[in-house]
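# Tertiary structure, described
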Amino acid sequence: MSMLTPPGMGGKYRVTGTAYPRMSRKRSRRRIVLAVLGSVLALALVGYGALQLIDVFRGDGPKRNTAAGAKDCPTKSPEAAAKQGAPAAASTASAPAKPAVVLPQPGTITVNVYNATPRAGLAKAVGDELAKRGFVIGSVGNAPADFDKKVPGTGILLGSPTTDKAVFAVLGTQLPGTTQQTDARETADVDLILGDAFKELSTKEDADKALALLANPVPAPAKNC
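Keep in mind that what you see is a predicted model, and the values were worked out from it rather than measured.

What counts, and at which threshold
Residues numbered from 1 in each chain as written. Predicted model: local features only at pLDDT ≥ 70, side-chain atom pairs only at ≥ 80, totals over all residues. Heavy atoms only, no water. Helix = DSSP H or I, 4+ residues; strand = E, 2+ residues; numbered from the N terminus. Contact = heavy atoms within 4.5 Å. Areas by Shrake-Rupley, 256 points an atom, 1.4 Å probe, with all protein chains shown as cover. Pairing = 2+ DSSP bridges. Axes fitted to C-alpha atoms, helices over the stretch in contact; angles between N-to-C directions. Salt bridge = Lys/Arg side-chain N within 4 Å of Asp/Glu carboxyl O. Buried < 20%, exposed > 50% of the residue type's maximum accessible area, 1.4 Å probe, protein only. Polar contact = N/O pair within 3.5 Å; in protein donor to acceptor, adjacent residues only side chain to side chain. Expected span 1.5 Å × (residues − 1). Arc of directions from axis to C-beta. pLDDT = per-residue confidence, 0-100.

## Describing the overall build of the protein
For the protein, the count of helices and strands is five helices and five strands. Starting at the N terminus and ending at the C terminus, the protein contains elements arranged as α-α-β-α-β-β-α-β-β-α. Contacts in the protein between residues far apart in sequence, at least 24 positions, make up 74% of those at least 6 positions apart. Carbon and sulfur atoms form 60% of the exposed surface of the protein, whose accessible area is close to 16900 Å².

Right, dumping it as structure tokens:
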């Protein structure tokens, strides 16, 4: 046996000359296992990516919440909406229109016109114009001492505690900007006390439009839920 012969190989392999026998190493099981696991993981990732692409093209991906801004509108299930939607639509279609508000006619309203300003003849001029528009004119003259030169605004409508608010509203269409007050009277007449800011009555056209709106108020728009 030569001194160059590897230990344990006996005489099976002999080294002759300058050539050495080439020995192959056994493959490590650890490397084989890692390679298999890597292949499985790669296949899983490829499959997941394919599923995501399929969902995108089919439109099954996550949907945006388009109702995020409608905070004031409660969300109903499709079943509840179907149950409530049809009867509501039917009742809306068949429901009669609301009747117009019944307002007192100018001929049923007695107005006392008082002048609380330094302008002479103002009460008579306003009283005459209101009479042309159908109001019943009572007393005309200077304002009582409690109001004389003490009304900075357009005017004051003064009535009894039982005076219908609609009476104030109808008379107010002729003179926007007035305030409403009550006193201890028991009669149905209303005082119109003209203040320093008064310039003139509304035009008859504008007053008629205001009366029409009082009789047929425009409903508020419904929320789109």
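## Observations regarding the side chain of T154
Mapped onto the secondary structure, T154 falls in the loop between strand 2 (136-142) and strand 3 (155-159). Those residues in contact with T154 that lie beyond four places of it in its chain are L175, P176, G177, I193, L194, G195, A197 and F198.

## Considerations on the sheet that holds strand 5 (residues 190-194)
Strand order in this open sheet of five strands is 2-1-5-3-4, and the pairing throughout is mixed. The sheet is open, and its two edges are formed by strand 2 and strand 4 (179-182), each paired on a single side. Each neighbouring strand pair of the sheet contributes to a mean axis angle of 20°, computed without reference to strand direction. Bridge count for strand 1 (residues 110-115) against strand 2 is five bridges, and the pairing is parallel. Paired with V111 across the two strands is I137, which belongs to strand 2. Contacting strand 1, strand 2 and strand 5, helix 3 (residues 122-132) crosses the sheet at an angle of about 155° to strand 1.

## Some thoughts on unusual backbone geometry
Phi is positive for K149, close to 60°, though the residue is something other than glycine. With respect to the helices and strands, the residue K149 is situated in the loop between strand 2 and strand 3.

## Overview of the pattern of salt bridges
One pass over the full model with this rule turns up eight salt bridges. The salt bridge involving K149 is made with D148; its shortest N-O contact spans 3.1 Å. Taking the relative accessible area as the measure of exposure, D148 reaches 26% and is therefore partly exposed. With its nearest N and O atoms 2.9 Å apart, the salt bridge here joins R185 to D183. Its relative accessible area of 16% is what places R185 among the buried residues. On the basis of relative accessible area, D183 is assigned to the partly exposed category, the value being 27%.

## Examining the side chain of Q174
Position of Q174 among the secondary structure elements: in the loop between helix 4 (165-172) and strand 4. Since its relative accessible area comes to 3%, Q174 is described here as buried. When residues no more than four places from it in sequence are discounted, the contact partners of Q174 are L130, R133, F135, L201, S202, A207 and L211.

## Some points on the environment of L211
Tracing the chain through its elements places L211 in helix 5 (residues 204-215). With 38 residues separating them along the chain, L211 and T173 place their C-alpha atoms 6.6 Å apart. For L211, the residues in contact, after removing those within four places along its chain, are L103, V170, T173 and Q174.

## Describing helix 4
Of all the eight residues making up helix 4, six are buried; the element is thus mostly covered by neighbouring parts of the structure. All of the buried residues in helix 4 are A166, V167, F168, V170, L171 and G172. Buried positions along helix 4 lie against strand 1, strand 3, strand 4, strand 5 and helix 5. For helix 4, the N-terminal capping position is held by D164, with its side-chain oxygen 3.1 Å away from the main-chain nitrogen of A166.

## Quick look at helix 5
Owing to its 3.6 residues per turn, the α-helix aligns residues three or four sequence positions apart on the same side. With 12 residues, helix 5 extends 16 Å between its outermost C-alpha atoms, agreeing within 8% with the 16 Å of an ideal straight helix rising 1.5 Å per residue. All of the buried residues in helix 5 are A207, L211 and A215. In an axial view of helix 5, the angular spread of the buried residues amounts to 75°, which keeps them on one side of the axis. Seen from the open side of helix 5, the exposed residues pointing more than 90 degrees away from its buried face are E205 and L213.

## A few points about the confidence of the model for the protein
Mean pLDDT over the protein works out to 78, with 58% of the residues at or above the 70 mark. Note that residues 66-70 has pLDDT below 50 and, in this model, zero contacts with residues that lie over four places away or in other chains. Taken together, the stretch residues 88-95 has pLDDT below 50 and engages in zero contacts with residues farther than four places along the chain or on a different chain.

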